[in-house]
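Read off the chains here:
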Amino acid sequence: MLDAMVGFLIRRRAVFLAAVALLTVGAAWLAVGIQFDFSPQAVLEGDDDIVQYCEQFKAAFGSGDAVVLVVFEATGDSDVMTAAAITWQAGAARKLSGLEMVQRVDSLAELQMPTFSIIPPLVRLSPIVTTLPADARAEARLRGAVAKLPLIEGALISRDGRVATLVVNLDPARRDIDSLGDAVAQINSALADPPPPPGYAVHLTGIPVMRVDIVKSLQADLVWLLPLAAVGFAVVLAAVFRRLVGVLPPLLAVGAALAWTMAGIVLAGESLNIVSNVLPILMFVIGMANCVHIVNRYGQDAAGPNVTRQAAVRSTMNHMAMACLLTSVTTAIGFGSLLAARSKVLQALGWQAMVGIAMLYVCTIVLFSAMLGWFRPPASAGRSGAPGLIARIVAASGHAVARRPWPVLLGSVALIAACLLLARNMPINSYMIETYDEDNPNIRTLRLVEDRLAGILPLGISLRADKAEMLLEPETFRKVADVQEFAESNDLVLLVRSYVDLHCQIHARLAGRTGREMVLPPPGDAGRTRIRQSSTIIKSLGPASGYGTFVSSDGRRARIMLRLRDGGTRRELALISDLEARLAEVFPVGCGIEARLTDDVYLHARGMDTFVRDMLRSLLGASIVIFAVIAVLFRSVRLGAIAIMPNLTPLVVTLGYMAVRGYEMNAGNVIVFAISLGIAVDGTIHFLARFREEIEAGDSPAEAIYRSYISTGRAIVLTCVLIVAGLSVLGLSEFLPSRRFAELTGVTMLGALVGDLLLLPACLMLFWKRRAV
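Structural notes, computed from the coordinates. No experiment lies behind these values; they were computed from the predicted model shown.

### Some points on the overall build of the chain
Item 1. Of the regular secondary structure elements, the chain holds 25 helices and 12 strands.
Item 2. Considering only C-alpha atoms, the chain reaches an extent of 110 × 55 × 45 Å along its principal axes.
Item 3. The buried share of the chain, reckoned over its 773 residues, is 57%.
Item 4. For the chain, long-range pairs separated by at least 24 residues make up 82% of all intrachain contacts whose partners lie at least 6 apart in sequence.
Item 5. A total accessible area of about 30800 Å² is found for the chain, and carbon and sulfur atoms account for 60% of it.
Item 6. In the chain, 70 positive and 65 negative side-chain charges are present, and the distance between their average locations comes to 7 Å.

### Re the packing of aromatic side chains
Item 1. For the structure on display, the rule yields eight aromatic pairs.
Item 2. An angle of 85 degrees between the planes, with centres 6.4 Å apart, marks the rings of W406 and F767 as edge-to-face. Residue W406 is located in helix α14 (residues 405-422), and its partner F767 is located in helix α25 (residues 736-767); the two are separated by 361 residues in the primary sequence.
Item 3. On the accessibility criterion, F767 (32% relative accessible area) is partly exposed.
Item 4. Relative to Y709, the ring of F687 lies with its centre 5.7 Å away and its plane at 90 degrees, an arrangement referred to as edge-to-face. Placement of F687 in helix α23 (residues 667-696) and of Y709 in helix α24 (residues 701-727) is noted, with a sequence separation of 22 residues between them.
Item 5. For F687, a relative accessible area of 0% gives the class buried.

### Concerning unusual backbone geometry
Item 1. For the peptide bond that leads from L132 to P133, omega is 0 degrees, which places it in the cis range.
Item 2. Following the sequence through the fold, P133 ends up in the loop between β5 (123-127) and α6 (136-148).
Item 3. In this structure, the amide linkage connecting D193 to the following residue, P194, adopts the cis form with an omega of 0 degrees.
Item 4. Residue R242 is not a glycine yet carries a positive backbone phi of 50 degrees.
Item 5. One non-glycine residue, D599, lies in the positive phi region at around 90 degrees.
Item 6. Within the secondary structure, D599 is located in the loop between β12 (593-598) and α20 (600-633).
Item 7. Looking at D599, the relative accessible area reads 1%, which means it is buried.

### Details of the pattern of salt bridges
Item 1. If you walk through the whole model with that rule in mind, you get 24 salt bridges.
Item 2. Its salt-bridge partner being R297, residue D301 comes within 3.1 Å of it at the nearest N-O pair. Separated by four residues within a single helix, D301 and R297 lie in helix α10 (residues 279-302), roughly one turn from each other. Summarising the burial analysis for this pair, D301 and R297 share the class buried.
Item 3. Across the pair R739 and D437 runs a salt bridge, and its minimum N-O distance is 2.4 Å. Placement of R739 in helix α25 and of D437 in the loop between α14 and α15 (441-452) is noted, with a sequence separation of 302 residues between them.
Item 4. Overlapping salt bridges, with partners in common, bring together D79, E139 and R143 in one network.

### Structural notes on the sheet that holds strand β7 (residues 200-205)
Item 1. Read from one edge of the open sheet, four strands run β3-β6-β2-β7, paired in antiparallel fashion. Looking at which strands have only one partner, the edges of the open sheet turn out to be β3 (102-106) and β7. Each adjacent strand pair in this sheet contributes to an overall mean axis angle of 20 degrees, direction not counted.
Item 2. Bridge count between strand β2 (residues 67-74) and β7: six bridges; the pairing is antiparallel. Across the sheet, residue A74 finds its bridge partner in β7, namely Y200.
Item 3. This element, helix α5 (residues 83-97), spans β2, β3, β6 (163-170) and β7 of the sheet and lies at about 10 degrees to β6.
Item 4. Here helix α7 (residues 177-192) sits on the sheet and contacts β2, β6 and β7; the angle it forms with β7, its principal contact strand, is near 175 degrees.

### Some thoughts on the environment of T435
Item 1. For T435, the position within the fold is in the loop between α14 and α15.
Item 2. T435 sits in the buried class, given a relative accessible area of 9%.
Item 3. Sequence-wise, T435 and T327 are 108 residues apart; in three dimensions their C-alpha atoms are separated by 33 Å.
Item 4. When neighbours within four sequence positions are excluded, T435 is seen to be in contact with I214, E734, F735, L736 and P737.

### Details of the pairing of strand β11 (residues 557-564)
Item 1. By the criterion of burial, β11 is predominantly enclosed, with eight of the eight residues buried.
Item 2. Residues R557, R559, M561 and R563 of β11 are buried on one face, and the alternating residues A558, I560, L562 and L564, pointing to the opposite face, are buried as well.
Item 3. When strand β10 (residues 493-497) meets β11, the two strands line up antiparallel, connected through four bridges. Along β11, the bridge assignment pairs L495 with R563.

### A short note on the packing of helix α22 (residues 644-661) against α25
Item 1. For the pair α22 and α25, the least separation of the axes is 8 Å and the interaxial angle reads 140 degrees. By the angle between their axes, α22 is oblique relative to α25. Here the hand of the crossing between α22 and α25 comes out right-handed. Of the residues in α25, those in contact with M645, P646, T649, P650, V653, T654, Y657, M658 and R661 of α22 are E743, L744, V747, T748, G751, A752, V754, G755, L759 and L760.

### Description of helix α18 (residues 524-541)
Item 1. Between its first and last C-alpha atoms α18 spans 26 Å; for 18 residues at 1.5 Å apiece the expected length is 26 Å, and the two agree.
Item 2. Of the residues flanking the end of α18, it is G542, one or two places downstream, whose phi is positive at about 70 degrees.

### Brief notes about the packing of α24 against α25
Item 1. At a closest axis distance of 10 Å, the pairing of α24 and α25 adopts a crossing angle of 180 degrees. Comparing their axes, α25 and α24 come out roughly antiparallel. Facing P701, A702, I705, Y709, G713, I716, V717, T719, C720, I723, V724 and L727 of α24, the residues of α25 in contact are F741, A742, T745, G746, M749, L753, D756, L757, L758, P761, L764 and M765.
Item 2. Across the contact of α24 with α25, the residue classes tally to 19 nonpolar, four polar and one charged.

Basis of the calculations
The numbering scheme is per chain: residues are counted from 1 as the chain's sequence reads. In keeping with the predicted nature of the model, local features appear solely for residues at pLDDT of at least 70, side-chain atom pairs appear and are counted solely at 80 or more, and the whole-chain, interface and lining totals rest on all residues. Excluded from the side-chain calculations are hydrogens and water; all other atoms, namely the structure's heavy atoms, are used. Segments assigned H or I by DSSP are reported as helices when at least four residues long, segments assigned E as strands when at least two residues long, and all are numbered from the N terminus. Here the term buried applies to any residue with accessible area under 20% of the maximum for its type, exposed to any over 50%, and partly exposed to those in between, with areas from a 1.4 Å probe on protein chains only. In this analysis, two residues are considered to be in contact whenever any of their non-hydrogen atoms come within 4.5 Å of each other. For every accessible area listed, the method is Shrake-Rupley and the probe measures 1.4 Å; residues are considered covered only by the protein chains on display. In this tally Asp and Glu are treated as negative and Lys and Arg as positive; neither His nor the chain ends contributes. All charge positions are set by atom: Lys at NZ, Arg at CZ, Asp at CG, Glu at CD. Only rings of Phe, Tyr and Trp enter the pairing, Trp through its six-membered ring, and a pair is recorded when the two centres are within 6.5 Å. The plane angle decides the type: under 30 degrees is stacked, over 60 is edge-to-face, the rest tilted. Salt bridge, as applied in this entry: a Lys or Arg side-chain nitrogen positioned within 4 Å of an Asp or Glu carboxyl oxygen. Strands qualify as paired when DSSP identifies two bridges or more between them. Note on geometry: axes are lines fitted to C-alpha atoms, helical ones only across the stretch in contact, with angles between N-to-C directions running from 0 to 180 degrees. Roughly parallel covers angles under 35 degrees, roughly antiparallel covers those over 145, roughly perpendicular covers 65 to 115, and oblique covers all other angles. Whether a crossing is left-handed or right-handed is set by the direction in which the near helix is turned from the far one by less than a right angle, anticlockwise for left-handed and clockwise for right-handed. Each residue after the first adds 1.5 Å to the expected span of a helix. Ten residue types, Ala, Val, Leu, Ile, Met, Phe, Trp, Tyr, Cys and Pro, are classed as nonpolar, four, Asp, Glu, Lys and Arg, as charged, and the remainder, Gly among them, as polar.

As C-alpha cells, this is what we get:
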C-alpha cells in the first residue's frame, strides 16, 4: 500500500507540487491574520464560575486591565507639584481625555477640593487648578490639598511627592489586543507633544501596556527570529549533508505545514495563547527531526551498488512513510490527551498540535516523495558502505553499550535519580510579569510604581449583602476595617482602599482633622447617624466622589480594592489563603454578607497554579498513552515498557537542570516538557523501527544495535545538533520566555540523546527477546 502511494506521488509529482504550492500561498495569506490572547481570563477559560464572577465584579466596579498609568517622575531637585509640573500634567490630562477609547482621566491637576456648608448644597467641589499655565497660587493650593487628602497617596502621588500618575481609564468593553494596541499608541502620541519640562520624565505602564508590549515582542519573534531560526537550520543542514537535498525539501515541508496549521487556526476563529504560542517552534522541532531521518536514510539507500536514484527514493519513502506515520500518530495521540484537560488553553494546544503534526506528515511525505528524486543524495553509509565520522563515533558508542549494557543502564538510572532528587522540592511559581529582564524599561517602570506608588496588579474583595443597609452598619465598617488592616500587614500589599475610607475621610474633613488615621463611626445609633451624614454628602457630590468604584448603584455590593507587587503565585496564593481564612472569620456564613476574592491577581494565581499542575498531569497521561500506543504499533508490551524510561529521561534531566539553575516551574518552563516528549518519542520510534528492520534482516541484537546506531543513531545526533543550533537564535530575543525556552530545549536534546542512544539500546540488549518484535 505504501509502495503504491509513494509510486503515485512520484508519477504525479507535478500535480501534487502545484497543489501544495497553491495551498501554501493561500494559507500564508490567511496566517498573517493570526491573533494572540495573553489575558488572565484565557488561562482560566474552562473554570466559568471564577471568570464570570470576575467579569461581573469588573462590570460593577471597573476593570484594572483597562487602566493605563502615565507615570510622571521628578528626576531633578523639584517634586511633581511645581507650577511647571502642574501645567504639563493638566495639559496631558485634557489631551488624553479627548481620545476615543478614554473614558476618564484622574490626575493631581484635575483634583477638586470639597467645601462644606450648613445650607444646601452641603458640599461644593472647586477645582484646584483654575487657569493654565499654573502659577504659584495654584501650586500652593495643590500642596495644601494633597496634605488634606490622604486617600490619594499611592494612587495619584507618592509619599515623597516625587512621582505622580495620570490614571487613564479605558473603555472596558474594548479589551481586545487590537483595541488596546491602538489606545496605547494614541496615548504615547498624545504625550509626545509637548514633552515634559526639564527635570521630569514620563513612563507608561499598566496591564494594557504590558499585554500590548508582550504581544508585540512575540510577533517580532515570529516575524524575524523564526525566519532567522530557519536560516540557522538551513546552515546546519547544509554543513551536515553538504547537499541541497538536506536543505530545501526540509524547509519547504516544514514551512508549508506551518502555514497550513496557522491558517487552520485562523479559519477556526482561534488565537495563539500563552501556551499555544510555542506551536511554531514545536512544529519546527518535530518536523525537522523527521526530515533529517528521511534525508539520512536517502543517503544510505542510494549508497548501495547499482541503486538508481528513483529506486533509492522509493526504498527510502517506503520505510520512512511508515516510521514517520508511527511517530506522528504517537505524538499526536500524546498531545490529544490534552483534550481531557480542564483548561481550555491546554485543550487548544492539544487540538492545534494534533492538526500541526498531521500537516507535517502530509507535507513531508508528499514533498519528499515528489522532490527527492531531483536531488543528489547526501554522502552517507548504507549497509555496504563505510560509515562517516559522526556515524563511527556513534557506532563506537553502540559497541560500548552492547558490550556493557548493565553499567550503562545503572549509570543512566543514577543520573535520573540524581535529577529527581535535585528537583524534588521545585516550587510551582509564576509571575504576572515574567517576560522581561529586570533592566527592561517596562520592568523598571513597574518597579518604580511598586516602590513609590501602589503597583498595577489588582486584587479585589467582593462584598455582597442581603440588604443594602447592611453595608452601612457601623459593625460592617469595623469588619471592613479589620480586613483592610489584616491585608495591609502583608508585604505583598501596596495599597488597600474601600468605601469605608471615603466615609471616614469626609467625617475627618467635617471634624477639621487632617491626620491620616481612620476614625471609625461608633457603634449603635450614633454611628448610624454619622454614616447617614457622610452618605448624604457623597450623594450630593455625585460621580465626582468616586464612590461608584467601591459601592454598586443598588448599594448591595461593595469592593475592597488591593494593589499588589508582583511577588509570584506562591506568595499570592499564600496571601489569598490567609485572606480567605480571615474573611470566613469576619464574615461567616449566614451573617448576611458574602465575602469573596476576585480580580486579575486572583485569576492569575489560581489559573497559573492550576494550569501548571494540569499540564504536568496531562503530560503524565500523554506519556502513558504514548507508551501504550508504541506497544500496540510494535505489537509488543515489552517494547512499550522498554520505551518508558528513555522517553522520560529528557523530562527528568531538564527538571534536574532547572533545579541546579534555580528555575521555578512556571507556565513558560512547563511547555518545554511537551517538546521533550515529542523529541524523545520521535527518536525512540525511529530507533525501534530501524532495530526491528535489522533484526528481521537476520542480525543478532548486538549487530542490529550497531547498524541502528550507524543509521538512525547518526540521524538522532544530527537532529540534536540541528535543533540546538537553530533555536540558539532565540537567545537574541527580548522575550525572556523565548530565551529560557531555547536554553531548556538544548538541555532536553541532551537528555534525549542519553535516553535514545544510551538507555534505550542498553534496555534492548538486556530485555529484548526475539518474540518481542
